[in-house]
Amino acid sequence: MPRERLSVVVTRRLPEVVETRLSELFDVRLRDDDTPMTRDELAAAMRTCDVLVPTLTDKIDAGLLAQAGERLRLIANYGAGVDHIDVATARQRGVLVSNTPGVLTDDTADMTMALILAVTRRIPEGLAVMQKNEWTGWAPTALLGGRVGGRRLGILGMGRIGQAVARRASAFGMQIHYHNRRRLRPEIEESLEATYWESLDQMIARMDVISVNCPSTPSTFHLMNARRLKLMKPSGVLVNTSRGEVIDENALTRMIRSGEIAGAGLDVYEHGTQVNPRLRELPNVVLLPHMGSATLEGRIEMGEKVIINIKTFADGHRPPDQVVPAML
Ligand code: DGY
């Protein structure tokens, strides 16, 4: 007798090839429009499916997990960050959680460099001049930015993405510094020519550019709080392609407005789409709508990872990208 196919609910539209492959393999319910599911819709899905495929726009907290049906056994997140899922509660309820690490690394690191360059070389200001048809010709003192080569880059969080940023920034001539929960192995540190700072405060005070690349966890919430932001050089630039909650956004906005920090490049925000309106008004701040990993190639590879995680689970094994609370 053929084995019953797993019932899988996908909460957002995914690239067509991924949706098609999921449909070939599983009894899948896809989303027709690309809005996030409501809490009620999520609860209903979790009552009836074996596997949920959420994204970072779905908050899977203890309350929702308590309503899940007996069948729900795997949450195969379409994304690397799992700060929107209560992984510990899921585990207690016997629900495994997996994610899609690795395949977003290079794209996110590329975007980090794009933000560093956009802020230091004033690219959006140049674009605005062209779009408004205000360019009157080359001038020796027009739109002068700062050279990235030779600047000190402090990377906060030296996991996969932090290291990929280090490799890129080093090719641009930046000097690499980092702070991480654990110091890297000497051979990796050496290959990246990276200087380790045990003290985050000491590192911050000496850097020209700070790049936030650590995950959002209770211990990284507001790691860049008002006190630490104050330690930055007035010429310093802050870039975040990780999670908004790591930075106190209001404090950052205040300090950029008062000239205590030179600029920022942000792809993520403390309150999701509710971006501090004052940030939008600042010419030395480059804002992007969480698009660090947004390449078609990356999104397809994320889908492939989700499929491997579900298939492995269906075959009775642990998904290769299982997230366990101790990792967080
Ligand atoms: C993730 O997968 O967590 C990323 O933030 C998406 O860009």
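Parameters at a glance
Residues numbered from 1 in each chain as written. Predicted model: local features only at pLDDT ≥ 70, side-chain atom pairs only at ≥ 80, totals over all residues. Heavy atoms only, no water. UniProt positions renumbered as here; feature names shortened; annotations may be inferred. Near = heavy atom within 4 Å. Polar contact = N/O pair within 3.5 Å; in protein donor to acceptor, adjacent residues only side chain to side chain. Nonpolar A, V, L, I, M, F, W, Y, C, P; charged D, E, K, R; others polar. Axes fitted to C-alpha atoms, helices over the stretch in contact; angles between N-to-C directions. Helix = DSSP H or I, 4+ residues; strand = E, 2+ residues; numbered from the N terminus. Parallel < 35°, antiparallel > 145°, perpendicular 65-115°, else oblique. Left-handed = near helix turned anticlockwise from the far one by under 90°. Contact = heavy atoms within 4.5 Å. Pairing = 2+ DSSP bridges. Core = buried A, V, L, I, M, F, W, Y, C linked by side-chain atoms within 4.5 Å. Buried < 20%, exposed > 50% of the residue type's maximum accessible area, 1.4 Å probe, protein only. Domains from an automatic or database assignment. Buried area = accessible area lost by both parts, 1.4 Å probe. Salt bridge = Lys/Arg side-chain N within 4 Å of Asp/Glu carboxyl O.

- Going by an unreviewed UniProt entry, the protein chain carries the name D-glycerate dehydrogenase and comes from Ruegeria sp. PrR005.
- Taken verbatim from the UniProt record of the protein chain, the Sequence similarities (unreviewed entry) comment is "Belongs to the D-isomer specific 2-hydroxyacid dehydrogenase family."

1. Comments concerning the site of the ligand
Here comes step 1: Looking at the ligand, the residues that line it are Leu 56, Gly 79, Ala 80, Gly 81, Leu 104, Arg 243, His 290 and Ser 293.
Here comes step 2: Measuring from an oxygen atom of the ligand, one finds a backbone N or O atom of Ala 80 at 2.7 Å.
Here comes step 3: In terms of residue class, the shell around the ligand is built from 3 nonpolar, 4 polar and 1 charged.

2. Here's the deal with the packing of helix α5 (residues 105-120) against helix α7 (residues 160-171)
Here comes step 1: Two elements in contact, α5 and α7, have axes separated by 8 Å at closest approach and are oriented at 50 degrees. Regarding the angle of α5 to α7, the classification is oblique. Relative to α7, the crossing made by α5 is right-handed. Residues Thr 105, Asp 106, Thr 108, Ala 109, Asp 110, Thr 112 and Met 113 of α5 lie in contact with α7, whose contacting residues are Arg 160, Ile 161, Ala 164, Val 165, Arg 168 and Ala 169.

3. Some thoughts on the sheet that holds strand β5 (residues 96-98)
Each strand in a sheet pairs with its neighbour through backbone hydrogen bonds, running either in the same direction (parallel) or in the opposite one (antiparallel).
Here comes step 1: Within the open sheet, the 5 strands sit side by side as β2-β1-β3-β4-β5. Their pairing is parallel. Of all strands in the sheet, those bounded by a partner on one side alone are β2 (27-29) and β5. Within the sheet, the average angular offset between the axes of one strand and its neighbour, ignoring direction, is 20 degrees.
Here comes step 2: The sheet strands contacting helix α13 (residues 296-314) are β1 (7-10), β3 (51-53), β4 (74-76) and β5, and the helix crosses β4 at an angle near 160 degrees.

4. A few points about the nonpolar core
A general feature of soluble globular proteins is that nonpolar side chains tend to end up buried together.
Here comes step 1: By size, the foremost hydrophobic cluster in this structure holds 28 residues, and its most contacted members are Val 212, Met 224, Leu 229, Met 232, Leu 238 and Leu 252.
Here comes step 2: Looking at this core, the elements that each hand over two or more residues are α9 (200-206), β9 (209-212), α11 (249-257) and β11 (263-266).
Here comes step 3: With residues near it in sequence (within four places) discarded, Leu 252 still touches Leu 229, Leu 238, Ile 247, Ile 261, Ala 264 and Leu 266.
Here comes step 4: Val 148, Met 158, Met 174 and Val 237 belong to the second largest nonpolar core, which has 27 residues in total.

5. What to know about the domain arrangement of the protein chain
Here comes step 1: Split into domains, the protein chain comes out as domain 1 (7-103 + 295-327) and domain 2 (105-287).
Here comes step 2: Computed from C-alpha coordinates alone, the two centres of domain 1 and domain 2 are separated by 31 Å.
Here comes step 3: Facing 9 residues of domain 1, the contacting portion of domain 2 comprises 6 residues.
Here comes step 4: When domain 1 packs against domain 2, the two sides together hide about 590 Å² of surface, and 35% of this comes from carbon and sulfur.
Here comes step 5: If you look at where domain 1 meets domain 2, you find 1 salt bridge.
Here comes step 6: Its residues assigned to classes, the side of domain 1 that touches domain 2 shows 4 nonpolar, 4 polar and 1 charged.

6. Considering the pairing of strand β10 (residues 237-240)
Here comes step 1: Of the two faces of β10, both are covered, the one formed by Val 237 and Val 239 as well as the one formed by Leu 238 and Asn 240.
Here comes step 2: For β9 and β10, the ladder comprises 4 bridges, and the chain directions are parallel. Bridged to Val 212 within β10 is Asn 240.
Here comes step 3: Strand direction decides the pairing type here: β10 and β11, joined by 4 bridges, are parallel.

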